[in-house]
Amino acid sequence: MKSALFAATAAIGLTLLGQAARAAEPPYLDDRTDAAAVIRSLYNAISRHEYARAWDYFGDTKPAKDFDSFSKGYEGTETVEVVTGNAGSDGAAGSIYYTIPVAIRAVDKGGNGKVFAGCYTLRQVNAEIQAPPFSPIRIEKGALKPSDKDLGEALPESCGDSPPIPKKDAELDQAKRAFLASYADECDPEGPAGRQIGDPTVYSISYKPSDDQPDKTVRLFQFFCSTAAYNESSIFYFSDAEQSVNQLQFAVPELDIQYENGNTEGKVEHIGITGFRTVDRLVNAGYDENAHTLVSNDKWRGPGDASSSGTYLFRNGMFALVQYDVDASYDGEINPETVIDYNTAP
């Protein structure tokens, strides 16, 4: 009885172990639609220890003298991660040849990983001139060398005529992530001219901190947020000289506006400032690259005869409010009054 129970328990244990092993395998992938898909499928087969399938991705020129040598070469490999770059192509004699940058991280059974990088060449025989059996895209050759870089950094920029991989813009990516994390649900999904949310206008600003310091360059990211009948709001992020990306906040005055006889359609008697507050967006704003200023113009109604406008000057590595104009009269004319002026001496 004990023997039978032990055998049943062992069988269950082996079944569970087999299920766990299968669960750890990557999902089956056999995609031969383009060069990158073939390379991913190759290393998927190797990660799943399906060496006959991996062998079949190669054309007439095989990667080893025979299949046994090929499969034994991967005996110590548990899994393989792979990244690919942009494939270049060239037509010749009824075939299309592809060259593609590849980097892999091969992990052995002990969990140790090694990175290799290089280029693969693949060939697609023109399907129109083939006779059965059909031959899909196959690998002609590949040469990967050990690399001491991380997987993503080891990927070659290009191979042969393949287009270079676009350089990563870490600051732009950081600004996009910060904007989308805070405003994806709050801002309109699409802006003017079909611009998608999170696609900013980028400005580079060069300045000299002081006479004894070299020039520095910072970047300004303007993200569209929302639009109404006559106003459009933007949110700004700023990358300083140390490449730290932060959202800009803007000072605006609290206004005390007094009209004759308390009639807002009448004559403006007084515009005072009772304090300041900060806002996270500017209305109808634009950056003047020559004057180094951000200028906003908030229309209080469609004709624009009543509005408020702020000017923020970039100096000493930051934006500061230097002028604020208010047109508080709904008289059909544009006649703003400057209530803050730090452009001139008192």
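Above this text you will find the structure in question.
Residues numbered from 1 in each chain as written. Predicted model: local features only at pLDDT ≥ 70, side-chain atom pairs only at ≥ 80, totals over all residues. Heavy atoms only, no water.

Engineer: How would you explain the packing of aromatic side chains if you had to name every residue and give the values?
Structural biologist: In total, this model carries 18 aromatic pairs according to the counting rule given. Between Y51 and Y74, the ring centres sit 6.2 Å apart and the planes meet at 15°, which makes this aromatic pair stacked. With Y51 in helix α3 (residues 51–56) and Y74 in the loop between α4 (67–72) and β1 (77–84), this pair connects stretches of sequence that are 23 residues apart. By relative accessible area, which is 16% here, Y51 ends up buried. Every member of this aromatic cluster is reached through a ring pair, and the members are Y51, W55, F58, F67, F70 and Y74. (Phe/Tyr/Trp six-rings, centres within 6.5 Å; stacked < 30°, edge-to-face > 60°. Helix = DSSP H or I, 4+ residues; strand = E, 2+ residues; numbered from the N terminus. Buried < 20%, exposed > 50% of the residue type's maximum accessible area, 1.4 Å probe, protein only.)

Engineer: I'd like a rundown of unusual backbone geometry, residues and numbers included.
Structural biologist: With an omega of 0°, the peptide bond running from P132 to P133 counts as cis. For P133, the position within the fold is in the loop between β4 (113–125) and β5 (138–147). Even without glycine at this site, H292 takes up a positive phi of about 60°. Checked against the element boundaries, H292 lands in the loop between β13 (286–288) and β14 (293–299).

Engineer: Outline the side chain of R138, listing residues and values.
Structural biologist: Note that R138 resides in strand β5. Excluding residues within four positions of it along the chain, R138 makes contact with R32, D56, Y57, F58, G59, L122 and R123. (Contact = heavy atoms within 4.5 Å.)

Engineer: Provide a residue-level description of the state of the cysteines, including the pertinent values.
Structural biologist: Inspection of every chain in the model, using the stated rule, returns two disulfides. Here C119 pairs with C159 through a disulfide, and the sulfurs are 1.9 Å apart. The sign of the -80° torsion about the S-S bond sets the C119-C159 disulfide as left-handed. Here C159 lies in the loop between α5 (151–154) and α6 (170–183) and C119 lies in strand β4, a separation of 40 residues in the sequence. Owing to a relative accessible area of 30%, C119 belongs among the partly exposed residues under this scheme. For C187, the disulfide goes to C225, at an S-S distance of 2.1 Å. Residues C187 and C225 are joined through a disulfide that is left-handed, its torsion about the S-S bond being -85°. (Disulfide = S-S within 2.5 Å.)

Engineer: An account of α6 is needed here, citing residue identities and associated values.
Structural biologist: Between its first and last C-alpha atoms α6 spans 20 Å; for 14 residues at 1.5 Å apiece the expected length is 20 Å, and the two agree. Looking only at α6, the buried set comprises E171, L172, A175, F179 and Y183. Along the long axis of α6, the arc covered by the buried residues comes to 95°, so they all point the same way. Looking at α6, the residues exposed on the side facing more than 90 degrees away from the buried face are A170, R177 and A181. Those residues of α6 hidden inside the fold are in contact with β6 (201–207), β7 (216–227), β8 (232–239) and β9 (245–247). (Expected span 1.5 Å × (residues − 1). Arc of directions from axis to C-beta.)

Engineer: Summarise the sheet that holds β14; cite the residues concerned and give the values.
Structural biologist: The antiparallel open sheet is built from five strands, whose spatial order is β13-β14-β15-β16-β17. A strand with exactly one partner marks an edge of an open sheet, and here the two such strands are β13 and β17 (337–341). Taken over all neighbouring pairs, the strand axes of this sheet differ in orientation by 25° on average, direction set aside. Strand direction decides the pairing type here: strand β16 (residues 318–327) and β17, joined by four bridges, are antiparallel. Its bridge partner lying in β17, Q323 is registered against D341. (Pairing = 2+ DSSP bridges. Axes fitted to C-alpha atoms, helices over the stretch in contact; angles between N-to-C directions.)

Engineer: Lay out a nonpolar patch on the surface with the relevant residues and their values.
Structural biologist: A contiguous nonpolar surface patch, about 320 Å² in accessible area, is contributed by I273, F276 and Y342. With respect to the helices and strands, the residue F276 is situated in strand β11 (residues 268–279). Here F276 falls in the partly exposed class, since its relative accessible area comes to 48%. (Patch = residues over 30% accessible without salt bridge, like charges linked within 9 Å, V, L, I, M, F, W, Y side chains within 5 Å. Areas by Shrake-Rupley, 256 points an atom, 1.4 Å probe, with all protein chains shown as cover. Salt bridge = Lys/Arg side-chain N within 4 Å of Asp/Glu carboxyl O.)

Engineer: I'd love a proper account of the pattern of salt bridges, names of residues and values included.
Structural biologist: Side-chain pairing between opposite charges can occur once the charged atoms of the two side chains come close. Counted under the stated rule, the structure contains 15 salt bridges. Residues R281 and E186 are paired through a salt bridge, measuring 2.8 Å at the closest nitrogen-oxygen approach. Pair noted here: R281 is in the loop between β11 and β12 (282–283) and E186 is in the loop between α6 and β6, with a separation of 95 residues, a long-range link. Linking D305 and R301 is a salt bridge whose minimum nitrogen-to-oxygen distance equals 2.6 Å. Taking the relative accessible area as the measure of exposure, D305 reaches 1% and is therefore buried. By relative accessible area, which is 28% here, R301 ends up partly exposed.

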